[in-house]
Amino acid sequence: MVLRILESTLEAIDRHAAESYPDECCGAVLADNCRELVRPITNIQDRLHAENLDQHPRDARTAYFMDPKELYAVLREAEEQKRPLRVLYHSHPDHDAYFSAEDKARAQAWDEPAYPETFYLVVSVVGGRVRDHLAVAWDAERCDFTPVGIVTG
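Let me begin by describing the structure that accompanies this report. (Residues numbered from 1 in each chain as written. Predicted model: local features only at pLDDT ≥ 70, side-chain atom pairs only at ≥ 80, totals over all residues. Heavy atoms only, no water.)

1. Looking at the nonpolar core
In summary, soluble globular proteins display a tendency toward joint burial of nonpolar side chains. Under the convention used in this document: Take the buried residues of types Ala, Val, Leu, Ile, Met, Phe, Trp, Tyr and Cys, join any two whose side-chain atoms come within 4.5 Å, and each joined set is a nonpolar core. Buried means the residue's accessible area, taken with a 1.4 Å probe over protein chains only, is under 20% of the maximum for its type, while exposed means over 50%, and partly exposed covers the values in between. Here a residue-residue contact requires only that any non-hydrogen atoms of the pair lie within 4.5 Å.
Membership of the largest hydrophobic core comes to 21 residues, with the highest contact counts inside it found for Met66, Phe99, Tyr120 and Phe145. With residues near it in sequence (within four places) discarded, Phe99 still touches Lys104, Ala107, Tyr120, Val122, Leu134, Val136 and Phe145. In terms of nonpolar packing, the next biggest core, distinct from the first, is built from 18 residues, Leu3, Val29, Val125 and Val148 among them.

Here you go:
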């Protein structure tokens, strides 16, 4: 399995990640056979951290939480425009691109993939510059997320 993504889409995601540095960014890509639409989503982790330090001990420099209203609007747009949710992305400031245990937990609901047909893209941003990408997808045979290649075009 391979994530095929337009170069302009990846560039828009990278721009979002670099502009959000030193905080994590997050967002989605909707796609059909003709277009890919990047939809940045607000990372509300700092707000959650400020409201409840015990429940949200990490701030936006080391965690993300997509604004639920914005995520819902993107999902509604995907359904209404018949552009499936193709990619959910976030960045790792000053860290490698890896799919952490927390990333995996957020991508699941009751030990099942929340969006089984969706790729997850992690962008490594070091010193404000994009360094690397990692894409993962749900592998039904392994019942786990596995790394996949990224092809731009």
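Additional details are given in the paragraphs that follow.
2. Description of the packing of aromatic side chains
Two numbers describe a pair of aromatic rings. These are the distance of the centres and the angle of the planes. Let me state the cut-off plainly: The pairing test for Phe, Tyr and Trp rings, Trp by its six-membered ring, is centres within 6.5 Å, and the orientation test on the planes gives stacked under 30 degrees, edge-to-face over 60, and tilted for anything in between. Helix and strand assignments come from DSSP, with helices taken as H or I runs of at least 4 residues and strands as E runs of at least 2, each series counted from the N terminus.
Summed over the entire model, instances satisfying the criterion amount to four aromatic pairs. Each ring, one from Phe99 and one from Tyr120, has its centre 5.9 Å from the other, and the planes form 55°; the classification is tilted. Taken together, the residues Phe99 in the loop between strand E4 (85–93) and helix H4 (101–106) and Tyr120 in strand E7 (residues 119–126) connect sequence positions 21 residues apart. An identical accessibility class is assigned to Phe99 and Tyr120; each is buried. Their ring planes at 85° and their centres at 5.4 Å tell us that Tyr120 and Phe145 sit as a pair that is edge-to-face. Here Tyr120, found in strand E7, pairs with Phe145, found in strand E9 (residues 144–152); they are 25 residues apart in sequence, far enough to count as distant. Look at Phe145 and you get buried, because its relative accessible area is 8%.

3. Looking at the sheet that holds E9
Strand pairing in a sheet relies on backbone hydrogen bonds, with the paired strands running either antiparallel or parallel. For clarity, the cut-off: Two strands are counted as paired when DSSP detects at least two bridges linking them. What counts as an axis is a line fitted to C-alpha atoms, over the stretch in contact for a helix, and the angles between N-to-C directions run from 0 to 180 degrees.
If you walk across this open sheet you meet the seven strands as E1-E9-E8-E7-E4-E2-E3, and the pairing is mixed. Strands at the two margins of the open sheet, each flanked by one partner only, are strand E1 (2–5) and strand E3 (36–41). Averaged over all pairs of adjacent strands, the angle between their axes in this sheet comes to 30°, without regard to strand direction. Alignment of E7 against strand E8 (residues 129–139), held across seven bridges, turns out to be antiparallel.

4. Remarks on the side chain of Arg83
Here is the rule we go by: Pairs of N or O atoms within 3.5 Å make up the polar contacts considered here, provided that, within protein, one atom can donate a hydrogen while the other can accept it, and that residues adjacent in sequence are counted only when both atoms are side-chain atoms.
Summarising the element assignment, Arg83 is placed in the loop between helix H3 (68–81) and E4. Note on Arg83: relative accessible area 12%, which makes it buried. For Arg83, the side chain forms a polar contact with the side chain of Asp32, separated by 3.1 Å. Setting aside anything within four residues of it in sequence, one finds Arg83 in contact with Leu30, Ala31, Asp32, Arg35, Leu37 and Ala78.

5. So, unusual backbone geometry
Going from Tyr21 to Pro22, the amide bond is cis rather than trans, its omega being 15°. By the secondary structure assignment, Pro22 is in the loop between helix H1 (7–20) and strand E2 (26–31). Of note in the backbone geometry, Trp110 takes a positive phi value of approximately 55° without being a glycine. When its relative accessible area of 82% is taken as the criterion, Trp110 is described as exposed. A positive phi is found at Cys143, a non-glycine position, where the angle reads about 55°. Turning to its location among the elements, Cys143 is positioned in the loop between E8 and E9.

This is a description of form; function is not addressed.
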